[in-house]
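Structural overview for review
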Amino acid sequence: MAVENNRHAQHKIYSQHAPKMLSVCRQYLKDVHQAEDVMITAFMKVFTGLKNFEHKGSFEGWIRRIMVNECISHIRVQKPIKFSEEETFLEGGFNNIESQLSVEDIQFLIDNLPDGYRMVFNLYAIEGYKHQEIGKMLGISEGTSKSQLSHARKMLQEQINRQKNYQNGTE
Amino acid sequence: MEPNKREEDFRIKLNSRTLQPSETAWDRLDAMLSVAEEKKPKRRFTWLYIAAAFIGFVFVGLFLFDQQKNNVELNENTTTIVESNPVQEQPEASAPEAVPEKLPVSVTPVKIKEAVAMTNTGKATGNPEIRVEKNMAKEKINEEMIAVVPQKSIQKNRVAVNVDELLAAVDGNQSKSELKKQNVTVDANSLLSTVEGELNTTYRENTFQTISRNFKTVKSAVANRNKE
């Protein structure tokens, strides 16, 4: 029904998926209003391209992919992202800390990452894409994607350590 | 580089999170969808216009192409006509000359008869004016004979004048019968007076025509000789 531009059906889909999709958009964009704008634009694409949905995967996964792509293109339009081409990356790290971070803390940590790091970290660690796929999506090499991820991890680890030290100092 | 425990924790927590969009978000999306739906039919119409214009251009192109083809065919025909014209044009060009030239020839026997008739009547009456007329008639006959000579020579040169000759002969026969009938009905004196007037005019005209014609033939002959 939503394919035939039935507004009631479209609203139903929107109200079912919008809260989760706004969260996805928020992972990539620091400003929640900006994230909402991008989400609306992505929903437009969802409804206009609904007849192209091939029913192969889950409907939510299809919408989510549209949201992620819309966020990436929005960030890339806003300002060109500079990915450092150095392909040396650190293994491990960021693993040996007991996880008591709230989702707001996690979002805060991710928000503090530069755009390039944040995108690669989200795509790899949260969305589950491979480095090859990330490279194609962002127009970078697989090695660059790996190096971006290692830098993101290192930066997150530093932030967590700093936060931990701050908490220990205050206690 | 596999996702570690912390990243797994991040993923679970972030995926389970929901953020309620603002109340105006759906209204904005609704407005955008409405605008997009309004634009869609226009796009369809534009495609229709484009298709119609394309079909129109194709038809115009075909029409012009056909016209060009016809023109080419016509040109081909005209060229063939031009090629065949030198043979056919000769009788056409000579036809208007042949008709007036032939007509007096066909008329001369009648006029001779008239002159003979006039001489007969002149003998009967013994009028000296009729003798003058007789002389005039004789002169005219001689002139017409002179005029016939070049006609014959021209006719020998021409190949396809048969139709015109036949028409002229038929006209001559018709005029003969008409004149014969007129001879029967018309008064001799009135006929003589009319012939007198006609002779003066036709004599001048004929002499002028023959002179001009002979001049033309001589001129063309000289020109042809020069060319040869």
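Sequence order as written defines residue numbering, which begins from 1 separately in each chain. Lettering for chains starts from A, numbering for ligands starts from 1, and both go in the order in which the items are written. Given that the model is predicted, a residue must reach a pLDDT of at least 70 before its local features are reported, and side-chain atom pairs must reach 80 or more before they are shown or counted; all residues, however, enter totals for whole chains, interfaces and linings. Think of the side-chain values as coming from all heavy atoms in the structure, minus any hydrogens and water.

Secondary structure is summarised from DSSP: a helix means a run of H or I of at least four residues, a strand means a run of E of at least two, and numbering begins at the N terminus for each. Of the regular secondary structure elements, chain B holds five helices and zero strands. Sequence-ordered secondary structure for chain B, helices as α and strands as β, is α-α-α-α-α. Per-residue accessibility, obtained with a 1.4 Å probe over protein chains only, is compared with the maximum for each type, and a residue is labelled buried under 20%, exposed over 50%, and partly exposed between these values. A burial count over chain B gives 21% of its 228 residues as buried. Whether two residues are in contact is decided by their heavy atoms, any of which lying within 4.5 Å being enough. When contacts within chain B are restricted to residue pairs at least 6 apart in sequence, long-range pairs at least 24 apart make up 86% of them. Per element, the accessible surface of chain B, about 16,900 Å² overall, is 61% carbon and sulfur. Note on areas: these come from Shrake-Rupley sampling with a 1.4 Å probe, and a residue is covered only by the protein chains present in the view.

In terms of nonpolar packing, the biggest core is built from 56 residues, with Tyr-14, Tyr-28, Met-39, Phe-43, Met-67 and Phe-121 of chain A together with Leu-29 of chain B touching the most fellow members. The dominant element in this core, judged by the number of residues it contributes, is helix α2 (residues 32–48) of chain A, at nine residues. As used in this record, nonpolar core signifies buried Ala, Val, Leu, Ile, Met, Phe, Trp, Tyr and Cys residues forming a set joined through side-chain atoms within 4.5 Å.

Moving on, we come to the pattern of salt bridges. We define a salt bridge as a side-chain nitrogen of Lys or Arg found within 4 Å of a carboxyl oxygen belonging to Asp or Glu. Counted according to the given criterion, the structure contains 13 salt bridges over all chains. Residues Arg-28 of chain B and Asp-37 of chain A are paired through a salt bridge, measuring 2.2 Å at the closest nitrogen-oxygen approach. Remark: Asp-37 of chain A occurs in helix α2 and Arg-28 of chain B occurs in helix α2 (residues 23–125); the pair is interchain, linking two chains. Residue classification places Arg-28 of chain B among the partly exposed residues on the basis of a relative accessible area of 33%.

This brings us to the packing of helix α1 (residues 7–28) of chain A against helix α3 (residues 59–78) of chain A. Residue and element names in this part refer to chain A. Where α1 meets α3, the axes come as close as 10 Å, and the angle between the chain directions of the two elements is 40 degrees. With respect to α3, the axis of α1 lies oblique. The crossing of α1 and α3 is right-handed. Judged by residue contacts, Ile-13, His-17, Lys-20, Met-21, Val-24, Cys-25, Gln-27 and Tyr-28 of α1 engage Phe-59, Glu-60, Ile-63, Arg-64, Met-67, Val-68, Cys-71 and Ile-75 from α3. For this classification, Asp, Glu, Lys and Arg are treated as charged, while Ala, Val, Leu, Ile, Met, Phe, Trp, Tyr, Cys and Pro are nonpolar and the rest, including Gly, are polar. A class-by-class count of the residues in the contact of α1 with α3 yields 11 nonpolar, two polar and three charged. The axes used here are C-alpha line fits, helices contributing only the stretch in contact, and every angle between their N-to-C directions lies in the interval 0 to 180 degrees. Roughly parallel refers to an angle under 35 degrees, roughly antiparallel to one over 145, roughly perpendicular to one between 65 and 115, and oblique to any angle outside these ranges. The sense of a crossing depends on the near helix, which, turned anticlockwise from the far helix by less than a right angle, makes the crossing left-handed and, turned clockwise, makes it right-handed.

Function cannot be inferred from these measures alone, as they are strictly geometric.
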